[in-house]
Amino acid sequence: MSNKDDDYGFESVPPSVANDQFEGQQLSGGEKGPAGTFHLLRSMLTLGGGSIISILIAVVLAKSWSALLGPSKYGLAALMQSMLSLGVTVAGLGAGQALARETAHALGQKDQPRVSALRIAAMRMVAITSGLFAVLLIVFRDSVAQLVFSDRSRGGTVLMLAPALVATATSGVQSGVLIAHRRVSTLAKLNIVSTAVYAIVGIPLVAIWRASGIAPSILIGAVSYCVLVFIIVPREVGRAARGIALRDLLREMAQLMRFGLGFTYAACAGSGVLMAMPILVLHQLNPAAVGFYDAAVAISVNYVSLSTTALGQEYFPRLAAIRDNRDAVVQAINDQMRVLRLVAMPLLFVALALAPFGIPILYSGSFRPAIAVLTWMIVADSLRVPSWTMAWAVLA
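Residues numbered from 1 in each chain as written. Predicted model: local features only at pLDDT ≥ 70, side-chain atom pairs only at ≥ 80, totals over all residues. Heavy atoms only, no water.

*Asks:* Could you clarify how one ought to interpret the overall build of the chain in this entry?
*Replies:* In terms of helices and strands, the chain carries twelve helices and zero strands. Put simply, the chain runs from its N terminus to its C terminus through helices and strands in the order α-α-α-α-α-α-α-α-α-α-α-α. The buried share among the 396 residues of the chain stands at 53%. Within the chain, counting contacts between residues at least 6 apart in sequence, those at least 24 apart form 82% of the total. Total accessible area computed for the chain in this model is approximately 17,200 Å², and 67% of it derives from carbon and sulfur atoms. (Helix = DSSP H or I, 4+ residues; strand = E, 2+ residues; numbered from the N terminus. Buried < 20%, exposed > 50% of the residue type's maximum accessible area, 1.4 Å probe, protein only. Contact = heavy atoms within 4.5 Å. Areas by Shrake-Rupley, 256 points an atom, 1.4 Å probe, with all protein chains shown as cover.)

See below:
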């Protein structure tokens, strides 16, 4: 968003860059009043509609797993997801977000060679970093199992999650390509399909093997989404041009890491703490408490995603594309803040009112201790709503 071009190493672009070239739409950063608000609502409803379907599928999965596993073993799934999410955050180096940011800006400048160079650079960078991270997990699997699960005998679980980490990190880069091109409907469909595959695979495996089926479910879900996104992205936006000079690739890698390292540090300090919470809860309390905590978090994340998915997948690349146009950026922030208040706050109040009834219905009566945790999470989310818009603006 800075007007100092040297800060990012780009030449300045004129305000007319606020013409959308991604799907034949005008960037709503350049639209004022009702037109801009309508565009944002449409994007939010598209992504939110996809989120609703994904949430319904996830509810079926959560209900099945909670009935089959109980709070203690359900908490084991939370610990696996926690380890995987933390690993992807660190190993991915924020490449997906950096790629979306820089590609959106390059598309705004009609710089197709740089678009291809960024895409190849991000993929190679993440393939190296996630591969190295996976090797470390495999080598130190018993120590990691002790840290995460408080049980060295679960080294086999860590071994199985290592390839899931690589698949998740690399598919994140491909998702970044779609975000940069603002393929909103494609992102929503991918989210639905990936959640459905996870449920179709996860429910039978856990029904047969109980807790031993959790890790294979996560692995198959991660790999299937990776394969799917690698098929869909070239069809949606084409393949990256070949023959990019090594010098250009190294320059783009450095640019991606410049943003990505800062993003990773911020993610570890912010959302990383939330990812690590199940591990902390396990060491301070017990496995059942982890299950209660994860049940509350799952509901909190799902209702919040109804209104915030559009922030990362539509609002962020839109801001990145017009970041040199101060007036358009201010207009986009104001429009997004208005829409977020209209959508997010009613959802929070509804969630707060339904919390005492939702936990027993979505999980089981044995998960009632999660109600108090969920109530506090909803109160905290209501205070964070205004910050979500500004946080993505700073990143752009």
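*Asks:* Quick question: what am I supposed to make of a nonpolar patch on the surface here?
*Replies:* Judged by side-chain polarity, Val135, Leu136, Val139 and Phe140 come together as a nonpolar surface patch covering roughly 390 Å² of accessible area. Among the secondary structure elements, Val139 is positioned in helix α3 (residues 112-139). Overall, the relative accessible area of 56% leaves Val139 in the exposed class. (Patch = residues over 30% accessible without salt bridge, like charges linked within 9 Å, V, L, I, M, F, W, Y side chains within 5 Å. Salt bridge = Lys/Arg side-chain N within 4 Å of Asp/Glu carboxyl O.)

*Asks:* In this structure, what is going on with the environment of Gly262? I would like to understand it.
*Replies:* With respect to the helices, strands and loops of the structure, Gly262 is situated in helix α8 (residues 246-269). Classification of Gly262 by relative accessible area gives partly exposed; the value is 40%. Residues Gly262 and Leu93 lie 169 residues apart in sequence; the distance between their C-alpha atoms is 8.7 Å.

*Asks:* I keep staring at the nonpolar core and nothing clicks. Help me out?
*Replies:* Of all hydrophobic cores here, the largest spans 64 residues; its most connected members are Trp65, Met80, Phe149, Ile214, Ile359 and Tyr363. Broken down by element, the residue count for this core peaks at 14 residues, all from helix α1 (residues 34-92). Discounting chain neighbours no more than four positions away, the residues touching Ile359 are Ile299, Ser364, Phe367, Arg368, Ala370, Ile371 and Leu374. Ala100, Ile120, Ala121 and Val229 belong to the second largest nonpolar core, which has 32 residues in total. (Core = buried A, V, L, I, M, F, W, Y, C linked by side-chain atoms within 4.5 Å.)

*Asks:* Got a minute to help me understand the environment of Trp376 in this structure?
*Replies:* Along the chain, Trp376 turns up in helix α12 (residues 370-395). Considered as a pair, Trp376 and Ala296 are 80 residues apart in the sequence and their alpha carbons are 9.6 Å apart.

*Asks:* I'm lost on the packing of aromatic side chains in this one. Help?
*Replies:* Two measures describe an aromatic ring pair: the distance that separates the ring centres and the angle between the ring planes. This model, assessed by the stated rule, comprises six aromatic pairs. Between Tyr74 and Tyr363 the ring centres are 5.8 Å apart and the planes differ by 80°, which places this aromatic pair in the edge-to-face class. On the criterion of sequence distance, the pair formed by Tyr74 in helix α1 and Tyr363 in the loop between α11 (326-362) and α12 is long-range, its members being 289 residues apart. Owing to a relative accessible area of 7%, Tyr74 belongs among the buried residues under this scheme. Centre to centre, the rings of Phe292 and Phe367 are 6.1 Å apart; their planes meet at 85°, and the pair counts as edge-to-face. In this pair, Phe292 sits in helix α10 (residues 287-321) while Phe367 sits in the loop between α11 and α12, placing the two residues 75 residues apart along the sequence. Put simply, the rings of Tyr74, Phe292, Tyr363 and Phe367 touch in pairs and so form one group of aromatic residues. (Phe/Tyr/Trp six-rings, centres within 6.5 Å; stacked < 30°, edge-to-face > 60°.)

*Asks:* Looking at this structure, I do not really get the pattern of salt bridges. What am I missing?
*Replies:* Any two side chains of opposite charge can pair, on the condition that their charged atoms come close. Applying the stated criterion to the full structure yields six salt bridges. Here Glu102 and Arg114 are joined by a salt bridge, their closest N and O atoms 3.4 Å apart. In this pair, Glu102 sits in helix α2 (residues 95-108) while Arg114 sits in helix α3, placing the two residues twelve residues apart along the sequence. For Arg114, a relative accessible area of 9% gives the class buried. Notably, a salt bridge pairs Glu252 with Arg251, separated by 3.6 Å at the nearest N-O pair. Residue Glu252 is classed as buried on the basis of its relative accessible area, which comes to 3%.

*Asks:* Can you walk me through the packing of helix α5 (residues 155-180) against helix α6 (residues 184-209) in this structure?
*Replies:* For any two helices packed against each other, one specifies the inter-axial angle together with the distance between the axes. Where α5 contacts α6, the axes come no closer than 8 Å and their chain directions differ by 145°. As α5 runs across α6, the sense of the crossing is left-handed. Along its contact with α5, which presents Ser175, Leu178 and Ile179, the element α6 presents Thr186, Leu187 and Leu190. Among the residues forming the contact of α5 with α6, the class breakdown is four nonpolar, two polar and no charged. (Axes fitted to C-alpha atoms, helices over the stretch in contact; angles between N-to-C directions. Left-handed = near helix turned anticlockwise from the far one by under 90°. Nonpolar A, V, L, I, M, F, W, Y, C, P; charged D, E, K, R; others polar.)

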